[in-house]
Amino acid sequence: AQSVTQPDIHITVSEGASLELRCNYSYGATPYLFWYVQSPGQGLQLLLKYFSGDTLVQGIKGFEAEFKRSQSSFNLRKPSVHWSDAAEYFCAVGAAGGYGGATNKLIFGTGTLLAVQP
Amino acid sequence: DAGVTQSPTHLIKTRGQQVTLRCSPISGHKSVSWYQQVLGQGPQFIFQYYEKEERGRGNFPDRFSARQFPNYSSELNVNALLLGDSALYLCASSLQLHNEQFFGPGTRLTVL
């Protein structure tokens, strides 16, 4: 079955420190992969996406992620965290399905809540 | 350009009532998807519409229904509300079926 696992429910880092959020997926075909960020009470903002090609993708706000097919992983990284990065981060896989494979539903992980210490 | 908009922002209903949530996609986007996000969880897929046709349905009961209009806006209807329907309902739009999805701010539904 298609699934996304984010092993870390909660992470605390100091401002200026580096960050890596883990994401593992289970999907039979070549996946479309996404990272979204959600501030409290808000919708989801797309940080970056992987469809094909270069396995290291750059996103907004200084984030990047690396697709590793052999490890079924798509970890999110940032070299220096800012206090404004405190939020919940969701990894998602775009899964074909529906009627004739036409659907591109997103399957989300349970999220990682990031706290930033001053 | 305006992003995805949803209305209302918040809604309080009682068990057994019916609710309609509305979504306007980004201009030019033809696909709209609906997701339910229960507190502490990731969003769960409910429906996807493209060119006014339902293209996919998640594991939700028949109390949930939706439609897409000629202007590509969409409504999500939930009948016979249960306490467990309390959640943030998110709408997302995409240019076509297989492009990245952009989310609206959501509608917070509370069922008492």
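Above: the structure in question.
Attention here is on the structure that accompanies the text.

### What about the state of the cysteines?
Residues and elements named next belong to chain A. The tally for this structure, following the rule as stated, stands at 2 disulfides over all chains. In this model, cysteine 23 is linked to cysteine 91 through a disulfide, with the two sulfur atoms separated by 1.9 Å. One disulfide, between cysteine 23 and cysteine 91, carries an S-S torsion of -65° and so falls in the left-handed class. With cysteine 23 in the loop between strand E3 (19–21) and strand E4 (24–26) and cysteine 91 in strand E10 (residues 87–97), this residue pair connects regions lying 68 residues apart in the sequence. Note on cysteine 91: relative accessible area 0%, which makes it buried.

### Some details on the packing of aromatic side chains
Enumeration according to the criterion identifies 16 aromatic pairs over all chains in this entry. Consider the rings of Phe47(B) and Tyr49(B), whose centres lie 6.1 Å apart with planes at 55°: the pair is tilted. Each member of the pair, Phe47(B) as well as Tyr49(B), is classed as buried. Among the aromatic residues, those joined into a ring-pair cluster are Tyr32(A), Phe34(A), Tyr36(A), Phe51(A), Phe90(A), Phe108(A), Tyr35(B), Phe45(B) and Phe103(B).

Quick notes on the rules
- Residues numbered from 1 in each chain as written.
- Chains lettered and ligands numbered in written order.
- Predicted model: local features only at pLDDT ≥ 70, side-chain atom pairs only at ≥ 80, totals over all residues.
- Heavy atoms only, no water.
- Disulfide = S-S within 2.5 Å.
- Helix = DSSP H or I, 4+ residues; strand = E, 2+ residues; numbered from the N terminus.
- Buried < 20%, exposed > 50% of the residue type's maximum accessible area, 1.4 Å probe, protein only.
- Phe/Tyr/Trp six-rings, centres within 6.5 Å; stacked < 30°, edge-to-face > 60°.

Take it as geometry only, folks, not as evidence of what the structure does.
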